Amino acid sequence: MVDQTMPTRVPRKLIVTGGAGFIGANFVHHWCQTYPGDRVVVLDALTYAGNRSNLASLEGKANLRFVEGDICDRVLVDELLQTEAIDTLVHFAAESHVDRSILGPAAFVQTNVVGTFTLLEAFRQHWLGADQPDHYRFHHVSTDEVYGSLEMDDPAFNEKTPYAPNSPYSASKAGSDHLVRAYFHTYGMPTLITNCSNNYGPYHFPEKLIPLMCINILMGKPLPVYGDGQNVRDWLYVGDHCSAIDTVVHRGTPGETYNIGGNNEVKNIDLVQMLCELMNELAPDLPVRPAQNLITFVKDRPGHDRRYAIDATKIRTELGWTPAETVEGGLRRTVEWFLHHQEWWQPLLSEEYQAYYRQVYA
Ligand code: NAD
Ligand code: DAU
């Protein structure tokens, strides 16, 4: 029997930028599974961080289209918005790694600022051309790093915390957030911004802390902990980030920003210890056991933010979103995933990746 109290959901037509990256791919899986009647077009330039195999199990589905292309390519973006009659743009595409932004900031300004601007302009024309429909949404996926660094006893970041980005990465994300905000205030375009804390889970590129530690433990390589290892990050399982974006796309108020976090603050050294414990338990033939013997303190990241923490009260109280995963459960799932998907991460340790690794960790 049909529940008469539930409003019928109108299917959406999405463009997901950066849908072959870590969070974007998890989001595409989430969306296709939850809303099989929706159209999903993935636009991804397949940079070093993009990996089409992240979407392998969805290839061939009639409602999913993959387009290899750059978000800075206005002609391409215009064409996709029009021919696919897109009503919802979910924007993940970015240069996302802080250490790479220190080595070479130009690509960060290009993709994160110029690319976001290109999408905003294209979407504005598209929305105007369609007579400004109420249900159109431009969802910009951003980061807690735009708020800068907290001392240990500071309150967590909320949506009113002033921006104070410290790395070229976070400065470029802050620039893109400001542009998105301006498009709502100036043009009334229905934008949404989410600022999320550190994610982890399947398809996480090896350069980031959690996959890097998992892979190095499995290979018996040193586990490089920056500085004194006392920096704090607020960890969120990637599936929870996807469900939060889903909630905001459907129920968020245009023009608003929502912080997303799991209330899981952990010191880096404690996190590495947890990963070592899990690997000791789950991986029978580690090259070095216990894995803790591999922990090595190395030179600190320049300008290393001390602590991030998210106050997610607004999204919880206004939209009813809460994370489903604990940090213990999420880390166990993630370690198991890296253990059982060596065929996924092995090819990513390319010569190009090794050169990057030598540059950062030499
Ligand atoms: P990622 O580096 O894993 O993936 C980025 C994707 O964007 C890749 O598929 C890449 O090919 C694509 N891309 C890069 N430049 C492009 C361009 N010019 N045109 C088209 N595609 C391009 O990143 P991620 O960790 O999945 O992060 C996704 C988004 O979420 C980013 O905007 C990031 O700032 C934000 N974010 C990440 C985290 C995190 O913990 N990883 C937390 C909060 C917010
Ligand atoms: O907070 C959200 C952000 O989280 C996202 O916006 C970024 O895209 C994402 O990369 C991530 O940034 P971080 O710099 O916090 O993540 P990363 O995994 O690079 O590092 C996490 C912490 O671990 C940080 O304090 C630096 C430290 N670290 C990292 C690496 C790669 C180490 O100690 N050793 C390492 O080898």
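Preceding this paragraph is the structure being described.
Residues numbered from 1 in each chain as written. Chains lettered and ligands numbered in written order. Predicted model: local features only at pLDDT ≥ 70, side-chain atom pairs only at ≥ 80, totals over all residues. Heavy atoms only, no water.

Draft legend 1. Representation of the site of ligand 1 in the model. Taken together, the neighbourhood of ligand 1 is formed by 28 residues, with Ile-23, Asp-44, Ser-96, Tyr-169 and Lys-173 sitting nearest. Take Gly-21: an N or O atom from its main chain is 2.9 Å from an oxygen atom of ligand 1. In the model, a nitrogen atom of ligand 1 is placed 3.0 Å from a nitrogen or oxygen of the Ala-45 main chain. When ligand 1 sits alone it has 840 Å² of accessible area, and the protein chains cover 96% of it. Sorting the residues of the shell around ligand 1 by element identifies α1 (22-34), β5 (137-143), α5 (168-187) and β7 (198-200) as the ones contributing at least two each. Considering each element in turn, the shell around ligand 1 owes the most residues, three residues, to β5. When the residues that make up the shell around ligand 1 are grouped by side-chain class, the tally is 13 nonpolar, twelve polar and three charged. (Near = heavy atom within 4 Å. Polar contact = N/O pair within 3.5 Å; in protein donor to acceptor, adjacent residues only side chain to side chain. Areas by Shrake-Rupley, 256 points an atom, 1.4 Å probe, with all protein chains shown as cover. Helix = DSSP H or I, 4+ residues; strand = E, 2+ residues; numbered from the N terminus. Nonpolar A, V, L, I, M, F, W, Y, C, P; charged D, E, K, R; others polar.)

Draft legend 2. Region of interest: the pairing of strand β10 (residues 257-260). Here β10 shows no split at all, with Thr-257 and Asn-259 on one side and Tyr-258 and Ile-260 on the other all buried. Across four bridges, the pairing between strand β6 (residues 191-196) and β10 is parallel. Within the sheet, the bridge partner assigned to Asn-195 lies in β10 and is Asn-259. (Buried < 20%, exposed > 50% of the residue type's maximum accessible area, 1.4 Å probe, protein only. Pairing = 2+ DSSP bridges.)

Draft legend 3. Here's a closer look at the state of the cysteines. All told, the structure shown has zero disulfides when counted by the stated rule. The structure places no disulfide on Cys-32, whose sulfur is separated from the nearest cysteine sulfur, that of Cys-242, by 11 Å. Not part of a disulfide, Cys-214 finds its nearest cysteine sulfur in Cys-276, a span of 9.4 Å. Classification of Cys-214 by relative accessible area gives buried; the value is 0%. (Disulfide = S-S within 2.5 Å.)

Draft legend 4. Helix α8 (residues 268-282), seen in detail. Over its 15 residues, α8 extends 21 Å from the first C-alpha to the last, a length consistent with the 21 Å expected when each residue adds 1.5 Å. Burial in α8 covers these residues: Asn-268, Ile-269, Leu-271, Val-272, Leu-275, Cys-276, Leu-278, Met-279 and Asn-280. Where α8 is buried, its residues meet α6 (209-219), β8 (223-226), β9 (232-237), β11 (265-267), β12 (295-298) and α10 (327-340). (Expected span 1.5 Å × (residues − 1). Contact = heavy atoms within 4.5 Å.)

Draft legend 5. The packing of aromatic side chains, seen in detail. In total, this model carries 23 aromatic pairs according to the counting rule given. Seen in terms of ring centroids, Tyr-353 and Tyr-356 are 6.0 Å apart; in terms of plane orientation they differ by 40°. Their pairing is tilted. One end of the pair, Tyr-353, and the other, Tyr-356, are both in helix α12 (residues 351-361), three residues apart, so they sit about a helical turn from each other. By relative accessible area, Tyr-356 is classed as buried at 5%. Among the aromatic residues, those joined into a cluster by ring pairs are Tyr-48, Phe-205, Tyr-226, Tyr-353, Tyr-356, Tyr-357 and Tyr-361. (Phe/Tyr/Trp six-rings, centres within 6.5 Å; stacked < 30°, edge-to-face > 60°.)

Draft legend 6. Just the sheet that holds β10, in detail. Spatially, β3-β2-β1-β4-β5-β6-β10 is the arrangement adopted by the seven strands of the open sheet, whose pairing is parallel. Looking at strand neighbours, the two that pair on one side only are β3 (64-68) and β10, the edges of this open sheet. Across the sheet, the axes of successive neighbouring strands diverge by a mean angle of 20°, strand direction being ignored. Relative to strand β4 (residues 88-91), strand β1 (residues 13-17) is paired through four bridges, and the arrangement is parallel. Paired with Thr-17 across the strands is His-91, a residue of β4. (Axes fitted to C-alpha atoms, helices over the stretch in contact; angles between N-to-C directions.)

Draft legend 7. Layout of the environment of Leu-218. Among the secondary structure elements, Leu-218 is positioned in helix α6. Separated by 124 residues in sequence, Leu-218 and Gln-342 have C-alpha atoms that sit 9.5 Å apart. With residues near it in sequence (within four places) discarded, Leu-218 still touches Met-279, Ala-283, Leu-286, Pro-287, Phe-338, Leu-339, Gln-342 and Trp-345.

Draft legend 8. Region of the structure containing the sheet that holds β7. One open sheet holds the three strands; their spatial order is β7-β9-β11, and the pairing between them is mixed. Bordering the open sheet on either side are β7 and β11, each of which pairs with just one other strand. When strand polarity is set aside, the average angle formed by the axes of neighbouring strands in this sheet is 50°. Strand direction decides the pairing type here: β7 and β9, joined by three bridges, are parallel. Bridging across to β9, Asn-199 finds its partner in Leu-236.

None of the figures reported here should be taken as evidence of function without further support.
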